[in-house]
Structure formats: C-alpha cells, structure tokens
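Next come the chains, spelled out residue by residue.
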Amino acid sequence: MTTPLTHTPIYQSREEIVAMQEQKLQQLLAYLNQNSPFYKELFAANNIDIADIKTLDDLKRIPTTVKEDLQTRNDDFMCVGRDKIIEYSSTSGTLGSPVTIALTENDLQRLTYNEYSSFICADGSPDDVYQLMLTLDRQFMAGLAYYSGIRMIGAGIIRLGPGVPSLQWDTILRLKPTAIVAVPSFIHKLIQYATEHHIDINSSTVKKAICIGENIRNTDFSLNILGKKITDAWDIKLYSTYASTEMQTAFTECGHGKGGHHQPELLIVELLDEHNQQVAPGEPGEVTITTLGVEGMPLLRYKTGDICQYYDEPCECGRTTLRLSSIIGRKKQMIKFKGTTLYPPSLFDLLNGMEEILDFVAEVYSNEIGMDEVLLHILPINYTDECDRKIRANLQARLRVSPYVTYVQYDEIQKMQYKESGRKPFKFIDRRK
Ligand SMILES: [Zn+2]
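Quick caveat, the model's predicted, so the values are computed rather than measured.

1. Describing the overall build of the protein
Here is step 1 of the chain: If you tally the helices and strands in the protein, you get eleven helices and 21 strands.
Here is step 2 of the chain: The C-alpha atoms of the protein give 22 Å as radius of gyration, which agrees with the globular expectation for 433 residues (22 Å, within 12%).
Here is step 3 of the chain: Each principal axis of the C-alpha atoms in the protein carries an extent, and together these give about 70 × 60 × 40 Å.
Here is step 4 of the chain: Each of the 433 residues in the protein was classed as buried or not, and the buried ones make up 55%.
Here is step 5 of the chain: Contacts spanning at least 24 positions in sequence make up 66% of the contacts within the protein whose residues lie at least 6 apart.
Here is step 6 of the chain: As displayed, the protein has an accessible area near 19100 Å², and 50% of this comes from carbon and sulfur atoms.
Here is step 7 of the chain: Within the protein, the 56 negative side-chain charges are centred at a point lying 2 Å from the centre of the 46 positive side-chain charges.

2. Re the coordination of the zinc ion
Here is step 1 of the chain: Every protein donor of the zinc ion is accounted for by Cys254 (SG), His261 (NE2), Cys315 (SG) and Cys317 (SG), and the metal-donor separations fall at 2.1 to 2.3 Å.
Here is step 2 of the chain: Around the zinc ion sit four donor atoms, and with donor-metal-donor angles ranging over 103 to 116 degrees the site reads as tetrahedral.
Here is step 3 of the chain: Mapped onto the sequence, the donors of the zinc ion take the spacing C-x6-H-x53-C-x1-C.
Here is step 4 of the chain: A relative accessible area of 4% places His261 in the buried class.

3. With respect to the sheet that holds strand β11 (residues 285–291)
Here is step 1 of the chain: Read from one edge to the other, the open sheet built from four strands follows the order β10-β11-β12-β15, with strand pairing classed as antiparallel. Only two strands of the sheet have a single partner each, and these edge strands are β10 (267–272) and β15 (329–330).
Here is step 2 of the chain: As defined by bridge partners, β10 adjoins β11 across six bridges and the pair is classed as antiparallel. If you follow Leu271 over to β11, its bridge partner there is Val287.

4. As for the packing of helix α9 (residues 344–352) against helix α10 (residues 385–399)
Here is step 1 of the chain: Where α9 meets α10, the closest approach of the two axes is 11 Å, and the angle between their N-to-C directions is 140 degrees. The angle between α9 and α10 falls in the class oblique. Viewed along their axes, α9 and α10 form a crossing whose handedness is right-handed. On the side of α9, the interface is formed by Leu347, Leu350 and Leu351, while α10 contributes Leu395, Arg398 and Leu399.
Here is step 2 of the chain: Looking at the contact of α9 with α10 residue by residue, the class counts come to five nonpolar, no polar and one charged.

5. Comments concerning the confidence of the model for the protein
Here is step 1 of the chain: Confidence along the protein averages 92 in pLDDT terms, with 96% of residues attaining 70 or more.
Here is step 2 of the chain: In this model, residues 1–6 is a region of pLDDT below 50 whose contacts with residues beyond four sequence positions or in other chains number 15 contacts.

6. Looking at helix α11 (residues 410–418)
Each turn of an α-helix holds 3.6 residues, which means side chains three or four residues apart point in the same direction.
Here is step 1 of the chain: Among the residues making up α11, those that are buried are Ile413, Met416 and Gln417. Considered in projection along α11, the buried side chains sweep an arc of 95 degrees and stay on one side of the axis. Turned more than 90 degrees away from the buried face of α11 sit Asp411 and Lys415, all of them exposed.
Here is step 2 of the chain: Where the residues of α11 are buried, they touch α7 (184–196), β18 (357–366), β19 (372–380) and β21 (428–431).

7. Regarding helix α4 (residues 105–121)
Here is step 1 of the chain: If you check α4, its first and last C-alpha atoms are 24 Å apart, about what 17 residues at 1.5 Å a residue would give, namely 24 Å.
Here is step 2 of the chain: When you tally the buried positions in α4, you get twelve out of 17 residues, the bulk of the element.
Here is step 3 of the chain: The N-cap of α4, judged by a side-chain oxygen 3.3 Å from the amide nitrogen of Asn106 a few residues on, is Thr104.
Here is step 4 of the chain: Where α4 ends, the next residue or the one after it, Asp123, has phi of about 60 degrees, a positive value.

8. Observations concerning the packing of aromatic side chains
Here is step 1 of the chain: Scanning the model with the defined rule gives eleven aromatic pairs in all.
Here is step 2 of the chain: Ring plane angle 85 degrees and centroid distance 5.6 Å describe the contact between Tyr39 and Phe77, whose orientation is recorded as edge-to-face. Placement of Tyr39 in helix α2 (residues 37–45) and of Phe77 in the loop between α3 (67–72) and β1 (85–90) is noted, with a sequence separation of 38 residues between them. Each of the two residues, Tyr39 as well as Phe77, counts as buried.
Here is step 3 of the chain: Note on Phe348 and Phe360: the rings are 5.6 Å apart at their centroids and 50 degrees apart in plane angle, and the pair reads as tilted. Of this pair, Phe348 sits in helix α9 while Phe360 sits in strand β18, and the two are twelve residues apart along the sequence. An identical accessibility class is assigned to Phe348 and Phe360; each is buried.

9. Description of the state of the cysteines
Here is step 1 of the chain: Tallied over the entire structure, the rule returns zero disulfides.
Here is step 2 of the chain: A disulfide-free cysteine, Cys121 has its sulfur positioned 5.4 Å from the sulfur of Cys254, the nearest such atom.

10. Side note on the pattern of salt bridges
Here is step 1 of the chain: Counted by the stated rule, this structure contains 21 salt bridges.
Here is step 2 of the chain: The partner of Arg73 in a salt bridge is Asp76, and the shortest N-O contact between them spans 2.9 Å.
Here is step 3 of the chain: On the basis of relative accessible area, Arg73 is assigned to the partly exposed category, the value being 24%.
Here is step 4 of the chain: The class of Asp76 is partly exposed, set by a relative accessible area of 25%.
Here is step 5 of the chain: Among the ionic pairs, Lys303 bridges to Glu286, the shortest N-O distance being 3.8 Å.

11. A few points about the pairing of strand β4 (residues 156–159)
Here is step 1 of the chain: Judged from the four bridges that link them, strand β3 (residues 129–132) and β4 form a sheet pairing that is parallel. Bridge pairing links Leu132 to Arg159 in β4.
Here is step 2 of the chain: In this view, the connection linking β3 to its parallel neighbour β4 by way of helix α5 (residues 141–153) has right-handed handedness.

12. Considering the nonpolar core
Here is step 1 of the chain: Grouped together as the largest cluster of nonpolar side chains are 48 residues, with contacts concentrated most on Leu29, Tyr39, Phe43, Ile62, Ile289, Leu300 and Leu324.
Here is step 2 of the chain: Of all the elements in the fold, those that place two or more residues in this core are α1 (14–35), α2, β2 (100–104), α4, α5, β10, β11 and β12 (302–308).
Here is step 3 of the chain: In terms of residue count, α1 provides more of this core than any other element does, five residues in total.
Here is step 4 of the chain: Those residues in contact with Leu324 that sit more than four places away from it in its chain are Tyr242, Phe251, Gly259, Gly260, Leu271, Val287, Cys308, Gln309 and Tyr310.

Cut-offs used in this document
Residues numbered from 1 in each chain as written. Predicted model: local features only at pLDDT ≥ 70, side-chain atom pairs only at ≥ 80, totals over all residues. Heavy atoms only, no water. Helix = DSSP H or I, 4+ residues; strand = E, 2+ residues; numbered from the N terminus. Rg over C-alpha atoms; globule rule 2.2 N^0.38 Å. Buried < 20%, exposed > 50% of the residue type's maximum accessible area, 1.4 Å probe, protein only. Contact = heavy atoms within 4.5 Å. Areas by Shrake-Rupley, 256 points an atom, 1.4 Å probe, with all protein chains shown as cover. Lys, Arg positive; Asp, Glu negative; His and termini not counted. Charge placed at Lys NZ, Arg CZ, Asp CG, Glu CD. Donors = N, O, S within 2.8 Å, 3.2 Å for Na, K, Ca; no water. Tetrahedral: all angles 85-135°; square planar, octahedral: opposite > 155°, others 65-115°. Pairing = 2+ DSSP bridges. Axes fitted to C-alpha atoms, helices over the stretch in contact; angles between N-to-C directions. Parallel < 35°, antiparallel > 145°, perpendicular 65-115°, else oblique. Left-handed = near helix turned anticlockwise from the far one by under 90°. Nonpolar A, V, L, I, M, F, W, Y, C, P; charged D, E, K, R; others polar. pLDDT = per-residue confidence, 0-100. Arc of directions from axis to C-beta. Expected span 1.5 Å × (residues − 1). Polar contact = N/O pair within 3.5 Å; in protein donor to acceptor, adjacent residues only side chain to side chain. Phe/Tyr/Trp six-rings, centres within 6.5 Å; stacked < 30°, edge-to-face > 60°. Disulfide = S-S within 2.5 Å. Salt bridge = Lys/Arg side-chain N within 4 Å of Asp/Glu carboxyl O. Right-handed = clockwise from strand over helix to strand, strands pointing away. Core = buried A, V, L, I, M, F, W, Y, C linked by side-chain atoms within 4.5 Å.

If you want it as structure tokens, here you go:
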C-alpha cells in the first residue's frame, strides 16, 4: 500500500471524502483478507464475504475489535514479516498489559504525514521552533511522530524531554522557541516555576502550546479549569491534540479550537453506543476506528475505549470533516461512585480548580461489597486544619459524595506519578477487581 503524502482531502466535499474512504476501505479489506491472521479468521467465523462490504454503511456488518483482542492475540494482527518491521512501539499500559504496535517504513511515513497535517492544522509553519517537553524514548510513538511531522514542515525542533522546569526555562530563554509541545498540567508547573523565579513569561518567545495527554477544554469547547489557569497567566494559544498508539493518527485542533479535526484519508471513525450503534452529533460515544493506509498492523472497527462527542458541521477554518470533543473519559475508567457516575477527567478538572491543592493522584478500588471507592492522595498548599476543611467541603459540594482524602508529601506524589513508564505523570490508579 502506498502512503498519501501529497494529497490532503480535508477541504473536499462530503461526497468526495466518502468516495475516497470507500475505495480505501475496499483496499484495506482485500489486504486484511490476504495478510491478517486475526481478520481472516474473523471474516470466516462470521461468514463475511468482503466483496459485499462496499460502503461505509456496510462496515456495520463487521464485528468490532477490542483491546483484549490486541492484548491476547497481538502477533495475529501483524500483516507483514518481521523483516519489514522498522519500529516497535507500544501502548502505555495504563489499562492492562501493554500492546505492541509494529510499524513498517511505509507506516512511519504515514505517521510523519499524519503529524505534518496535524501541526499544519495547529497553525504550524517553517518559521516555528518547537520545544518538545516529552520523551522520544520508551517505545513512545507520539514523540517520534511529532518529531518527524515537525521536521517535514521544516520547523525547528528542541528535544528537551519531559520535566525539569528550570532546564525548560533556561532553554526557552536561550533558544527562543515559538511553541511548546507538552502535557497541560506540566505547562501549569512551568508557570508556577516562572512565577517563583521571577521569569516574565509573557515576554518570552513562546506564543502557542500543543497540549497532549490531558484535556484543556470542556465538551462545549470552552477552556476547562486547567486550560483557563494556563491562559490567565500566560498569553499563549492552546491547541489540543488527541491520538492513540493503536490508531497511529491524531485529531488536532485548528486555531478556532472547536475540537480535533478528523483526517479522513488516514482513518474511518465511528462513535458507537453500548450496542455498537452510531450515536448522533453531540452524544457521547466510544471512538471506534478503522485505519487507512497502515501496512504493519491495520485495525478494523477497533474500539479505543475513549468516550468522546463529535460535531459534524463544517469548521470556520474551512475543513469539512468531523471534529472530536475532548475525552469525556475512558470507558474502563468509569467510576460508579455511591450512586453517581464519574469519569477521571471531570474529577481532575475539579481538583485542578482548587487553590488549596498543589498536586494529586486519584485512586479507585473495590470495597468489600464490590462497589467503587475513591481515595484522593493530595499534596496541599499547606497542612492546616483550615486547608483540610476547605478541600473536604469543596469536594462534598461539587461531587455530592465524599471520597477518602489522604495528604502526602511532594516526594510521595512524584513517586506515585512516575513509577511506571515515566512517559507521563499517572494521576489515576485503578485497583478495582
Ligand atoms: Zn477548524
């Protein structure tokens, strides 16, 4: 399969996009039927003749693929021999055991094109210099993708890695990047560091931030508490981007900040309810993807576990494809807490908004009768009764139920957040059975 490196259909009409996707879908089905042990078996077991699947609507006749399939039969998704594999990426393993996603040379070119389009969408140009505040190691696909996409634009790159605010600021002042790529809660830490050390952030050269891994917006596209905290202190423009290793494709916001733009030449996207039916615009559904143009490990109707909403009216930027909201939650992380349903992102938003809290980790576990319990490990501004009272009262008021709270020191929080892969801080520990 070839990679569509020169043709960007994002401004085409809906009809043209559908026709392009349906053609690519048929190529994908023929390719899977020939090369994928997992999908060959799936087609046979479900009496699916791929010649009958012609339209996007026909796709519904194919059963979905779930993360457990990838975990238990990882190698059966591989469509090429090991001699064709260049890069072994892996998922972060936040939910269960990590999955290997192997990429061929063509897949790496596709990945490059994907982030090239993403950064162009986020107002990137050859004049930009990006400081990457993330790892390029540890089998982290996104780091590699950002690097190669930015390189294709012809912009400058500073590979600084995650953490260490003092080094980040030294480098910003010395090399004068125009943009940063970082986790939003780390951007907030950068601001705190600058304030403590009398660095005038608004006279720095940084004018925009590509925000990865955490939400900066509510589902109506307004900035959430973390997004507001950042932009209140620092006059920079925020662009959210959402991706996963399995889909090898990103949804990135344009300058209008109205959701992540779908790249239709790289992905077919469906948002499904619990019965695998497409939901309406503005309704929460599980992001379900079919990769287009992937050679090593293509996926067909793969349920990502991420719950989002979508919007399908054309964007002010002229792009016609659908836009995804920030992640409402991961399906498996849904907390059924004393009669209410809660997803970690909304809990994080609440904790981020409390002045008394410097940092936190939320832990969920099953109690003796199998119900979900929430324990918050909180690093407070100071350990006083007054601080404790305010935190508990605020939690009670906003959640209407009281989670357990324990106060921890700075070192303990660091240990909890970075103990696993070191790729990004873990703010959520799931110990449920
Ligand atoms: Zn747009």
